[in-house]
Amino acid sequence: MWMLEIPPFLPFFIGALIAAVTRGTLRNVIMVAIPVVSAFHLWTVPEGVHLQFAFLDYQLNPYRADKLSLMFGYVFHIAAFIAIIYSLHVRDTVQQVAAMLYAGSGLGAVFAGDLLTLFVFWELLAFTSVFLIWARRTRRSYAAGMRYLIIQVLSGVILLAGALFYAAENGTLAFGYIGLEGIAGWLIFIAFGIKCAFPMAHNWLTDAYPEATVTGTVFLSAFTTKVAVYALARGYPGTELLVYIGAVMTCFPIFFAVIENDLRRVLAYSLINQVGFMVVGIGIGTALALNGAISHAFNDVIFKGLLFMSMGAVLHMTGRINGSDLGGLYKTMPKTTVLCIVGAASISAFPLFSGFVSKSMVMSAALENGFDWIWLMLLFASAGVFHHAGIKIPYFAFFAHDSGIRVSDPPNNMLLAMLIAAVLCIAIGVYPSALYSLLPYDTGYNPYDATHVLAQTQLLFFSALAFVWLNLKGMYPPELHSTNLDFDWTYRRLLPNALRKTFAVIWQADLAMRQAFLVRLNGGLAFLSQRHQGISGLLSRTYPAGSMVMWVAVILAAYLFLSFITH
Amino acid sequence: MENEKTYLFDKPENVKRLLHILYGCCGLLFVLDFVIHRHVMHSWENLWGFYPLYGFVGCVVLVLVATWMRTFLMRPEDYYADEGKTELDKKSDAQIGEQNVDA
């Protein structure tokens, strides 16, 4: 049974090595084969700890499989498979290698049974993924990647510090329930929170993802935040604070999404919004809520990937991604349009699409556990996500005013990848039992009762009505070339400016002090020289020869005295 | 553009048709509220037309607030463009360009 001991990240790391030295069709075949073979292997893996060894005094479990980690393992394989197909046309070894290493790191992190292994893969996620941003090879992407890397590495360092405190407090590094107790609990919570794009720690995502390459963003959207969701689900289920953080995460990004022009940045904001639903589910912590959070993460990887792929196709074919420059593309990109609408319907949680069967679990759990106001916020966010991701994305890219751009649908490999994702979105929506059977808890939940379906459909149709009404009235904010300030303004503008000004003041004060001192010194010297110059001055006074003889006698007497006392 | 074929939504009547379908669906869904017996979990859900109204009002508020946010959050597109650039960088920008899209 040595096969059991192959941790899922290994095939991907080997694949990265092979991708580095092969080219052309051979590389494509190998890269597609790796997630398929690895997924079949993972399917046969039973639950349990399959790899462990001792390190110093601690037991490390680099490969622990249970229902929670297997669920994320499956969806990461699906995501890697789809994204690899989507990027088959790319002739850039840096991206191919980085993508394989990145997918492998994501798998390594969700199967890590101890905090040290988790830390290693946590940092690897950052160091491998940043190349997918830098591979755009623009100055903007370089700067955004740098900011991304700094924040991700910071999260890793905090995680390591937390893990060390945890080991000191509990005498073990095993990664299980942690909870907000002690300094270790808080440090690890903050580390997970940064990667999970908690409010005010979210700008690495909206900053970097839209600057990555067309195919890189598809990989990025799948792994990093979902690893963080997994880690929260493992370490902090039922932590009430998460309910409030998650609710804020669902609501505030939609305002930014409505006024954002870069359509991939709109999707980045809606990614935070979707992760918010998962965080709320983890915070509620009941079986239904956790099932909802995990299955929503599963579905989100697929439909958010589909949306990023469709916008990537638009960017790839037209060279533009700003809503203000696009429009009317449905005329010559009909397939992409339809596939994008499937993704939009899924993220908006239309009945019969995948978002519906998972998001409704979190909403029901919020009501069942008395989080009435949170439920209202989630409902508002559901309407809002339909508004900005469900309508705005397809509308401004493919319809709206005709931009005059006439480009064809993207290459076949891109279309195929989108088709696979779209089929999965609909399949999960129509037949959710397959997804439910993989979930950690059996709750017997049925999303398709008349009340639910009617309520959700009403909510969505009247949101659409609001969009139409606002558009007809001319009240809908037009897409404008602009940058919208977000929290990153504090560290990109406020802090640097504040530091610059503070140091400017300090230098000024320092200069003034030095100058004042010099003036004083010169003044003092001038005063002294003034006072003692001339005939009567200290330095030009004349002394009688007798006084010199007396001082010589004094010195000789001192010598005599000293020679006496030393003997 | 002269001999380009006309597409689905180039005809205003098709757009109108689509909008009428939407209005019809909305009306039907609103009426269904009174027909279908619902198992509500919360007293707010008992209000007639709670979901339709919440969806409509929520979205209008969302858009109005977001539009208002533009008044103090919006900056020119190149607001952050000069971050960490030296004079030499700015010169080379003119040659290599800022936006590379073939990646």
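Residues numbered from 1 in each chain as written. Chains lettered and ligands numbered in written order. Predicted model: local features only at pLDDT ≥ 70, side-chain atom pairs only at ≥ 80, totals over all residues.

### A word on the overall build of chain B
Alright, step 1. Broken down by element type, chain B carries three helices and one strand.
Alright, step 2. Secondary structure elements of chain B occur, N-terminal to C-terminal, as α-α-β-α.
Alright, step 3. Here chain B holds 103 residues, and 12% of them are scored as buried. (Helix = DSSP H or I, 4+ residues; strand = E, 2+ residues; numbered from the N terminus. Buried ≥ 20, exposed ≤ 12 C-beta atoms within 10 Å, placed from the backbone.)

### Remarks on the environment of His-20 of chain B
Alright, step 1. Structurally, His-20 of chain B is set in helix 1 (residues 12–35).
Alright, step 2. We classify His-20 of chain B as exposed; it has 10 C-beta atoms within 10 Å.

### Some points on the interface of chain A and chain B
Alright, step 1. Contacts between the two partners involve 49 residues from chain A, matched on the other side by 42 residues from chain B.
Alright, step 2. Taken together, the elements giving at least two residues each to the side of chain A that touches chain B come down to helix 6 (139–170), helix 10 (240–259), helix 15 (372–398), helix 18 (450–472) and strand 3 (483–484) of chain A.
Alright, step 3. Tallying contributions element by element places helix 18 of chain A first for the side of chain A that touches chain B, with 17 residues.
Alright, step 4. The residue makeup of the side of chain A that touches chain B, split by class, is 29 nonpolar, 13 polar and seven charged.
Alright, step 5. Where strand 3 of chain A lies against strand 1 (residues 74–75) of chain B, two bridges are found, and the strand directions are antiparallel. The residue of strand 1 of chain B that forms the bridge with Asn-484 of chain A is Met-74 of chain B. (Contact = placed C-beta atoms within 7 Å. Nonpolar A, V, L, I, M, F, W, Y, C, P; charged D, E, K, R; others polar. Pairing = 2+ DSSP bridges.)

### Looking at helix 7 (residues 182–195) of chain A
Residues and elements named next belong to chain A.
Alright, step 1. In this model, helix 7 (14 residues) spans 21 Å end to end at C-alpha, consistent with the 20 Å of a helix rising 1.5 Å per residue.
Alright, step 2. In the core, the buried residues of helix 7 are packed alongside helix 6 and helix 9 (214–235).
Alright, step 3. Count one or two residues on from helix 7 and you reach Ala-197, which has phi positive near 65°. (Expected span 1.5 Å × (residues − 1).)

### What about the pairing of strand 2 (residues 58–65) of chain A?
Residues and elements named next belong to chain A.
Alright, step 1. Where strand 1 (residues 48–55) and strand 2 come together, six bridges link them in antiparallel fashion. Bridged to Leu-51 within strand 2 is Tyr-63.
Alright, step 2. Linking two consecutive strands that pair antiparallel, namely strand 1 and strand 2, is a turn of two residues; a positive phi of about 55° is found at Leu-56 within it.

### Re the packing of helix 18 of chain A against helix 2 (residues 50–73) of chain B
Alright, step 1. Axis separation between helix 18 of chain A and helix 2 of chain B bottoms out at 7 Å; the angle between their running directions is 40°. Taken together, the axes of helix 18 of chain A and helix 2 of chain B lie oblique to each other. In this structure, helix 18 of chain A meets helix 2 of chain B at a crossing whose hand is right-handed. Contact residues: Ala-455, Gln-458, Leu-459, Leu-460, Phe-462, Ser-463, Leu-465, Ala-466, Phe-467 and Leu-470 of chain A in helix 18 of chain A; Tyr-51, Pro-52, Tyr-54, Gly-55, Phe-56, Cys-59, Val-60 and Val-63 of chain B in helix 2 of chain B.
Alright, step 2. Here the residues of the contact of helix 18 of chain A with helix 2 of chain B are counted per class, giving 15 nonpolar, three polar and no charged. (Axes fitted to C-alpha atoms, helices over the stretch in contact; angles between N-to-C directions. Parallel < 35°, antiparallel > 145°, perpendicular 65-115°, else oblique. Left-handed = near helix turned anticlockwise from the far one by under 90°.)

### Some details on unusual backbone geometry
Residue and element names in this part refer to chain A.
Alright, step 1. One non-glycine residue, Ala-197, adopts positive backbone phi at about 65°.
Alright, step 2. Classification of Ala-197 as buried rests on a count of 24 C-beta atoms within 10 Å.
Alright, step 3. In this model, Ala-400 sits at a positive phi of 50°, which is unusual for a non-glycine residue.
Alright, step 4. The topology assignment puts Ala-400 in the loop between helix 15 and helix 16 (412–430).

### Remarks on the domain arrangement of chain A
Alright, step 1. In terms of domain boundaries, chain A breaks down into domain 1 (2–476) and domain 2 (487–524).
Alright, step 2. For domain 1 of chain A versus domain 2 of chain A, the separation of C-alpha centres amounts to 46 Å. (Domains from an automatic or database assignment.)

### Overview of the packing of helix 10 of chain A against helix 11 (residues 263–284) of chain A
Residues and elements named next belong to chain A.
Alright, step 1. Between helix 10 and helix 11, whose axes approach to 7 Å, the crossing angle comes to 160°. The pairing of helix 10 with helix 11 is recorded here as roughly antiparallel in orientation. Note on packing geometry: the crossing formed by helix 10 with helix 11 is left-handed.
Alright, step 2. Its residues placed into classes, the contact of helix 10 with helix 11 shows 19 nonpolar, six polar and one charged.

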